[in-house]
Amino acid sequence: MTPLLEARDVAIGGRLQATDLEIGSSAMIALIGPNGGGKTSLLRALAAVEMDGGSVVVDGEDIASAAPARRPHLLTFLPASRDAVWPIRARAMIELGLANSDPQRVDRLLEELELVDLANRPINRLSTGERARVLLARALAPCPRILLLDEPLSNLDPYWVLRTLQLLRETVRKTRCSAIVSLHDIDRLQSFDRVLLASSGRIVADLPPDAMLASRELAHSFRIEMGEGGWRVSPPADRRSSP
Amino acid sequence: MSRSGAFLSLALLLLAALHLTTPLGPLLELRRADPALASLLLTELRLPRTLLAAGYGAVLGMTGAALQAMFANPLASPDITGSSSGAALGAVLGAYWFEIADPLALAGFGAGGAGLALAGLLLLAGRRSDTATLLLAGVAIALAAGAATSLLLALAPSPFAFYDSFDWLMGSFVDRSLPQAAAALVPAALACALLVRRARALDLLALGEDVAASLGYQPRGLALEVVALSAVAVGACVSVCGAIGFVGLLAPYAARRISGGHPGRALVPAALIGAILLVLADLAVRLAPAGRVIPVGILTTVVGTPLFIWLVVGMRRRLTS
């Protein structure tokens, strides 16, 4: 069976080494790694925002050559930035994610993300967390085959962290799409099916959550280790001696 | 939105008709005496002025909206980015140093100057700079272009260059011919038609450059397109009428109230509002005492400056609150 997403040799000069990646359908995949390790670069390359060679194929279609009207059905990309310059209403912001107008779909998303009361507020007047939900709804709107979400859980309160993960799981199950989600909170990895660890511009480990948490690569990349009371910073000597 | 578009179009048509027939007295008198001369007055003298006022206003509104969308900054506009000053520099160079009389060739010089100014701004400030950097870079370019224009005029082979450029560069529609109006408005209309096709891409830029790129719109290509088309439209108009300030800043601001904040969808309403503003301004300068001519560019600056300050104060308050 051909994978839903197939990336070959995607690279960004200086930030992402040539990387291969295959993703099946209905999968929630976490992307973790230290700051500057290449998480965002990998997502940007997969979204064809920036690519110095290589190819990304989703559902049999090459992303780089897909027409603008087709792309939102193949994949959507949610950047980590929550900046908003223009006073566009929340509802209209979600509509921007759709190639063709679909008011019912927007209404559904507004309900699911509990944004109904904010629907007519300009996005630049919303709090960062509220804005994050509107922007997530924009990415979900066209029901893409692949969701590329860069830190969708930051700026969210605990309820919304859990609710977002729940919503992503429902979406993945219902539409048989897959989501690649970058995040920093390694305590959330149990919500995912598979975990990618990006460090020094490449994927250094690709494991199920439990195996990832126990792995040497994770401890080494993050310079932390599991002790009795939970995670703690590795002693400096350890950091130097590790290969 | 389509209803407000129809309303704006109707208002523009009525104002243009008023502009064309004001003052009415002499026109009717002449028609009684010599109907052929009256129609000549209407088509040869008044029509170019009306067309230029409405057309230049539309160009300022639309290019202002496009530049604001591209720089993601509500203060970008042909005047603030220095492109109007660059166009004036190009036109002065063409007119007094290369002694070009053909209006279309002069429009080319204007477009070249505006293009260089915008390219300089992109180099200095980049596409996504903060407001202060954008404004400072724009001011630097406008000042440099203004000084270079004065220098070219002072050293021009013609000793009257300074004197006779006054009427031209201050922004005025008085005594322009139909061929001049065509040289300004035909390239401008083509450029604007191509800009409108980018409305959707400019709307998607509101989601950030990365999202637009992931949807297949390359921000760098889009920026170059907006810059080139704006330079052609602004350059052609400036080479015929001189620089006119603030319309390109304020019309898009009003237009986004109609477009629900969408920067791309604001392009057409901004053009209509810009045209209405400039036709109104050119009607207002006729209230000047008999025998005196107030260049319309001075009026837009006098009225526009307080509105600009109000806008900046509003932005600052939003940033600090």
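Predicted, not measured: the structure shown is a model, and the values here were computed from it. (Residues numbered from 1 in each chain as written. Chains lettered and ligands numbered in written order. Predicted model: local features only at pLDDT ≥ 70, side-chain atom pairs only at ≥ 80, totals over all residues.)

Caption draft 1: Here's a closer look at the sheet that holds strand 4 (residues 55–58) of chain A. Residue and element names in this part refer to chain A. The 4 strands lie next to each other as 2-1-4-5, forming an open sheet whose pairing is antiparallel. Both edges of this open sheet fall to strand 2 (16–23) and strand 5 (61–62), since each of them pairs with a single strand only. When strand 4 meets strand 5, the two strands line up antiparallel, connected through 2 bridges. Bridge assignment links Val58 to a residue of strand 5, and that residue is Glu61. Lying on the sheet, helix 1 (residues 39–46) is in contact with strand 1 (5–12), strand 2 and strand 4; it crosses strand 1 at an angle near 120°. (Pairing = 2+ DSSP bridges. Helix = DSSP H or I, 4+ residues; strand = E, 2+ residues; numbered from the N terminus. Contact = placed C-beta atoms within 7 Å. Axes fitted to C-alpha atoms, helices over the stretch in contact; angles between N-to-C directions.)

Caption draft 2: Molecular detail of the nonpolar core. With 174 residues, the main nonpolar core has A:Leu148, B:Ala184 and B:Cys237 as its most contacted residues. For this core, the element with the highest residue contribution is helix 3 (residues 35–71) of chain B, accounting for 15 residues. When residues no more than four places from it in sequence are discounted, the contact partners of B:Ala184 are B:Leu52, B:Gly55, B:Ala107, B:Ala236, B:Cys237, B:Ser239, B:Val240 and B:Cys241. (Core = buried A, V, L, I, M, F, W, Y, C linked by C-beta atoms within 7 Å. Buried ≥ 20, exposed ≤ 12 C-beta atoms within 10 Å, placed from the backbone.)

Caption draft 3: Looking closely at helix 6 (residues 131–154) of chain B. Residues and elements named next belong to chain B. A rise of 1.5 Å per residue sets the reference length of helix 6, with its 24 residues, at 34 Å; its end C-alpha atoms lie 34 Å apart and thus fit the reference within 8%. When we look at burial in helix 6, the residues that qualify are Leu134, Ala137, Gly138, Ile141, Ala142, Ala145 and Thr149. Elements in contact with the buried residues of helix 6: helix 3, helix 4 (83–97) and helix 5 (103–125). (Expected span 1.5 Å × (residues − 1).)

Caption draft 4: Examining the sheet that holds strand 9 (residues 194–199) of chain A more closely. All names here are of chain A. Strand order in the open sheet formed by 6 strands is 6-7-8-3-9-10, with mixed pairing between adjacent strands. Taken across any chain shown, the strands that pair with only one partner, and hence form the sheet edges, are strand 6 (75–78) and strand 10 (202–207). Recorded for the sheet is a direction-independent mean angle of 15° between the axes of neighbouring strands. Bridge count between strand 3 (residues 28–32) and strand 8 (residues 178–182): 4 bridges; the pairing is parallel. Within strand 8, the position partnered with Ala30 by the bridge is Val181. In the packing of helix 5 (residues 128–140) onto the sheet, the strands contacted are strand 6 and strand 7 (146–150), and the crossing angle to strand 6 comes to about 165°.

Caption draft 5: Layout of the interface of chain B and chain A. The interface of chain B with chain A comprises 18 residues on the first partner and 21 residues on the second. Of all elements in the fold, only helix 9 (199–204) and helix 10 (209–214) of chain B reach the threshold of two or more residues within the side of chain B that touches chain A. Top element by residues in the side of chain B that touches chain A is helix 10 of chain B. It accounts for 4 residues. Partitioning the side of chain B that touches chain A into residue classes produces 9 nonpolar, 6 polar and 3 charged. (Nonpolar A, V, L, I, M, F, W, Y, C, P; charged D, E, K, R; others polar.)

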